[in-house]
Structure formats: structure tokens, C-alpha cells
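# Notes for the structure review
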Amino acid sequence: MTTEKHVDIQSYNDALEQEDRTICNILAQEITNNLPVAERKIWHAHPVWFLDGNPIAGYSKLKGCVRLLFWSGQSFGEPGLANEGSFKAAEVRYTSSNEINIEDLRRWLEKSIHIQWDYKNLIKRKGKLERLK
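Residues numbered from 1 in each chain as written. Predicted model: local features only at pLDDT ≥ 70, side-chain atom pairs only at ≥ 80, totals over all residues. Heavy atoms only, no water.

As annotated in an unreviewed UniProt entry, the protein chain is DUF1801 domain-containing protein from Solitalea agri.

Right under this line is the structure:
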């Protein structure tokens, strides 16, 4: 597992207010540690981790909170995640780093490896989402 910092993601985190920065630093470290082979980058202005070009997990600063998003999260069967959007994404929102349950986060990240919908080819399939794993 790598603890190497990604410069663009760290710059994103560093630009935030203290509590949001703390939340994002925890999320970045846990996501990176639990998805060690994932590509990570700033995508649509937010940190996102990808497996084989498919978006898996990411976070963004919203007004009043930090949102952690799992692109296939609706299929995880987890009560701590709320449905987001019209596809298969699910989210959790944090206003304090104390709200982050590391056990839950690690379980969700493990599920994100094994439960994936194919967002990478969504446009090619004209908006039809298909299950990969």
C-alpha cells in the first residue's frame, strides 16, 4: 500500500478551510490505502479514484459539507450511504472529521472493488449503465 501524496489532490485539500481539509486528508489517505492500484486524479475539479478507467470513489467540497461519493454505491446494500443521482451512485456527507467511521469507510472501499457499474462506457452505450462486477 502506498501513502504517497498526490500533488494535485493535496493542493485541492490544502485550499480548504481547516475542518474540511482534515476531512479530505483522512478520505484521501483511506481511499489511497484501500485502493492501492487505483489511478487518482482531479476529475471535473474534484479528487477521484479510478480502477481500469472506471470512476470508483471521490469527494468534493459542497456548501456546508464534504461529500464522499461511490459511483456504484447504491449496489453496496449499506444503510450509511444515501442514493445520489439517477444512476447507481451513493454518497455520505461530512461536516466534521469526527463523523468519519473508518470501519464503514474501509468496508465501502472494499465493496467498491468488487461491485462496479461501467461508467467508463456510459456515453458509448448511450446512457445505458451495465454491471461490470
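### Observations concerning the sheet that holds strand S2 (residues 46-51)
Here is the rule: Two strands qualify as a pair provided that DSSP identifies no fewer than 2 bridges between them. Secondary structure elements follow DSSP: runs of H or I of four or more residues count as helices, runs of E of two or more count as strands, with numbering from the N terminus. Throughout, a residue-residue contact means that at least one pair of heavy atoms, one from each residue, lies within 4.5 Å. Lines fitted to the C-alpha atoms define the axes, with helices restricted to the stretch that makes contact. Angles between their N-to-C directions range from 0 to 180 degrees.
Here we have six strands laid out as an open sheet, ordered S1-S2-S3-S4-S6-S5, and antiparallel in their pairing. Each edge of the sheet is formed by a strand with only one pairing partner; in this case those strands are strand S1 (39-43) and strand S5 (82-83). Looking at chain direction, strand S4 (residues 65-70) and strand S6 (residues 90-94) are connected through five bridges and run antiparallel. What sits directly across from Leu-69, in S6, is Glu-91. The sheet strands contacting helix H3 (residues 102-114) are S2, strand S3 (54-62), S4 and S6, and the helix crosses S4 at an angle near 35°.

### A closer look at the packing of helix H2 (residues 18-34) against H3
Here is the rule: Relative orientations are named as follows: roughly parallel for angles under 35 degrees, roughly antiparallel for angles over 145 degrees, roughly perpendicular for angles from 65 to 115 degrees, and oblique for any other angle. Should the near helix be turned anticlockwise from the far one by less than a right angle, the crossing is termed left-handed; should it be turned clockwise, right-handed. Residues are grouped as follows: Ala, Val, Leu, Ile, Met, Phe, Trp, Tyr, Cys and Pro are nonpolar; Asp, Glu, Lys and Arg are charged; every other residue, Gly included, is polar.
Contact pair H2 / H3: the axes reach a minimum separation of 10 Å and the direction vectors enclose 45°. Viewed along their axes, H2 and H3 adopt a mutual orientation that is oblique. In this structure, H2 meets H3 at a crossing whose hand is right-handed. Contacts between H2 and H3 involve Ile-26, Leu-27, Glu-30, Ile-31 and Asn-34 from the first element and Ile-102, Leu-105, Arg-106, Leu-109 and Ile-113 from the second. Here the contact of H2 with H3 is composed, by residue class, of seven nonpolar, one polar and two charged.

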